[in-house]
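The lines below spell out each chain.
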Amino acid sequence: MKKIILMLAVILSLTVSGQTKEDSLAIKKAITDYIEGWATGNVERIQTAVSPELSKRRVAASGGIVFAQDMSRSLLCVSALGNASGVRMQDLTPGKELVPELKILDIEGTNASAKTWNVKYGFFDYLHLSKAGGKWMIVNVLWDMNSKK
């Protein structure tokens, strides 16, 4: 009986060991660097948070045609540089700081999913992150405007 309990304890400890506090903090830092880097025009923060192979998309429709608006890391950085003197999007909370909300949805080994909400500029992101070389980076972003105003 003791052997069965010991085996169960070992198996359970193996299944939960993939999610560490350090991973959660590193994921939150990557997401914060991505959002705040964009808003302030800090390209260095974006480049530390986002994979060079970033695929950022928004699905939209126009005239009955559905299409994806694609953005790479380099285009994200160019967009951020335009924000260096102030974000060009409508500020929905004038006079208030940018305080994005974020939630880690799942961490599985070296991959994670998260969601962010940005009330100030009215959009949200679904993010996929991967850990390579000991570092978490955002590799995919699906975004859209908030449906709640």
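What this report covers is the structure whose coordinates are included nearby. (Residues numbered from 1 in each chain as written. Predicted model: local features only at pLDDT ≥ 70, side-chain atom pairs only at ≥ 80, totals over all residues. Heavy atoms only, no water.)

1. Some points on the overall build of the protein
Part 1 of the reasoning: Tallying secondary structure elements over the protein gives four helices and six strands in all.
Part 2 of the reasoning: Reading the protein from its N end, one meets helices and strands in the order α-α-α-β-β-α-β-β-β-β.
Part 3 of the reasoning: Evaluated residue by residue, the protein yields a buried proportion of 33% over its 149 residues.
Part 4 of the reasoning: Contacts spanning at least 24 positions in sequence make up 50% of the contacts within the protein whose residues lie at least 6 apart.
Part 5 of the reasoning: Per element, the accessible surface of the protein, about 9,500 Å² overall, is 60% carbon and sulfur. (Helix = DSSP H or I, 4+ residues; strand = E, 2+ residues; numbered from the N terminus. Buried < 20%, exposed > 50% of the residue type's maximum accessible area, 1.4 Å probe, protein only. Contact = heavy atoms within 4.5 Å. Areas by Shrake-Rupley, 256 points an atom, 1.4 Å probe, with all protein chains shown as cover.)

2. Overview of the pairing of strand β3 (residues 101-108)
Part 1 of the reasoning: Pairing analysis gives seven bridges linking β3 to strand β4 (residues 111-118), with the strands arranged antiparallel. In the sheet register, E101 faces β4, and the bridge partner there is W117. (Pairing = 2+ DSSP bridges.)

3. Quick notes on the sheet that holds strand β6 (residues 135-145)
Part 1 of the reasoning: If you trace the six strands from one edge of the open sheet to the other, you get β2-β1-β6-β5-β4-β3, paired in mixed fashion. The open sheet is flanked by β2 (65-71) and β3, the only strands paired with a single partner. Here the average twist between neighbouring strands, direction ignored, is 20 degrees.
Part 2 of the reasoning: In terms of strand pairing, strand β5 (residues 123-132) meets β6 through 10 bridges, oriented antiparallel. In the sheet register, L129 faces β6, and the bridge partner there is I138. (Axes fitted to C-alpha atoms, helices over the stretch in contact; angles between N-to-C directions.)

4. Topic: the packing of helix α2 (residues 21-40) against helix α4 (residues 73-82)
Part 1 of the reasoning: Running from amino to carboxyl end, α2 crosses α4 at an angle of 50 degrees, the nearest separation of the two axes being 6 Å. The angle between α2 and α4 falls in the class oblique. Contact with α2, carried on its side by Y34, G37 and W38, involves L76, S79 and A80 of α4 and no other residues of that element.
Part 2 of the reasoning: For the contact of α2 with α4, the residue count by class is four nonpolar, two polar and no charged. (Parallel < 35°, antiparallel > 145°, perpendicular 65-115°, else oblique. Nonpolar A, V, L, I, M, F, W, Y, C, P; charged D, E, K, R; others polar.)

5. As for α2
Part 1 of the reasoning: Between its first and last C-alpha atoms α2 spans 28 Å; for 20 residues at 1.5 Å apiece the expected length is 28 Å, and the two agree.
Part 2 of the reasoning: Three or more residues of α2 are buried, namely D23, I27, A30, I31, D33, Y34, I35, G37, W38 and A39.
Part 3 of the reasoning: At the C-terminal side of α2, G41 shows a positive phi close to 75 degrees. (Expected span 1.5 Å × (residues − 1).)

6. Things to note about α4
Part 1 of the reasoning: By the burial criterion, the buried members of α4 are R73, L76, C77, A80 and G82.
Part 2 of the reasoning: Against α2, α3 (43-49), β1 (50-62), β2 and β6 lie the buried residues of α4.

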